[in-house]
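Chain and residue survey
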Amino acid sequence: NSLAIGSIARLKTENKSQMRRVNGGQGCCEQNMLPVYFGVGKKDLADLRIEWTSGKTCDFNNIKIDKNLRLRVKELNCQLEIL
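If you're wondering where the values come from, they're calculated on a predicted model, not measured in any experiment. (Residues numbered from 1 in each chain as written. Predicted model: local features only at pLDDT ≥ 70, side-chain atom pairs only at ≥ 80, totals over all residues. Heavy atoms only, no water.)

Take the pairing of strand β3 (residues 45-51) next. A one-sided burial pattern is seen for β3, the buried positions being A46, L48 and I50 and the unburied ones L45, D47, R49 and E51. Both strand β1 (residues 8-12) and β3 contribute to a ladder of five bridges, which runs antiparallel. Note that in β3 the partner of I8 across the bridge is E51. Adjacent in sequence and paired antiparallel, β3 and strand β4 (residues 57-64) are bridged by five residues, among which G55 carries a positive phi angle near 100°. (Buried < 20%, exposed > 50% of the residue type's maximum accessible area, 1.4 Å probe, protein only. Helix = DSSP H or I, 4+ residues; strand = E, 2+ residues; numbered from the N terminus. Pairing = 2+ DSSP bridges.)

The strand order across the open sheet built from four strands is β2-β1-β3-β4, with neighbouring strands paired in antiparallel fashion. Looking at which strands have only one partner, the edges of the open sheet turn out to be β2 (17-21) and β4. When strand polarity is set aside, the average angle formed by the axes of neighbouring strands in this sheet is 15°. Across five bridges, β1 lies against β2 in antiparallel orientation. Bridging across to β2, L11 finds its partner in Q18. (Axes fitted to C-alpha atoms, helices over the stretch in contact; angles between N-to-C directions.)

Moving on to the pattern of salt bridges. Under the defined criterion, the tally for this structure stands at four salt bridges. Between R10 and E51 there is a salt bridge whose closest N-O contact spans 2.7 Å. Of the two residues, R10 is situated in strand β1 and E51 in strand β3; the sequence distance between them amounts to 41 residues. When its relative accessible area of 37% is taken as the criterion, R10 is described as partly exposed. The residue R49 makes a salt bridge to D59 at a minimum N-O spacing of 2.6 Å. A residue pair is termed long-range when its members are at least 10 positions apart, and R49 in strand β3 and D59 in strand β4 qualify at ten residues. Accessibility expressed as a relative area gives 33% for R49, which makes it partly exposed. With a relative accessible area of 41%, D59 lands in the partly exposed category. (Salt bridge = Lys/Arg side-chain N within 4 Å of Asp/Glu carboxyl O.)

Within the secondary structure, R21 is located in strand β2. Separated by 17 residues in sequence, R21 and A4 place their C-alpha atoms 9.4 Å apart. The residues touching R21, leaving out its near neighbours within four places in the chain, are G6, S7 and I8. For R21, the side chain forms a polar contact with the main-chain oxygen of G6, separated by 3.3 Å. (Contact = heavy atoms within 4.5 Å. Polar contact = N/O pair within 3.5 Å; in protein donor to acceptor, adjacent residues only side chain to side chain.)

Nothing here speaks to function; it is geometry throughout.
Below, the structure written as structure tokens:
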């Protein structure tokens, strides 16, 4: 599952929690964007949890964020890359 379809990303800021499921499509001839996006307003720190379909979880705390931050998370060794 190299595209992480079915995995869940949870992002928590000071007073808000958001959840997104990686979804490749919902019906016949439909396709969703595979990157997961979150809006955080003016917050500058967030915690991220990835729940993989394998049952493994990866937690990343106090991520410094800005409006253009792009991350790549890899299940193997819970690697977080800033792009």
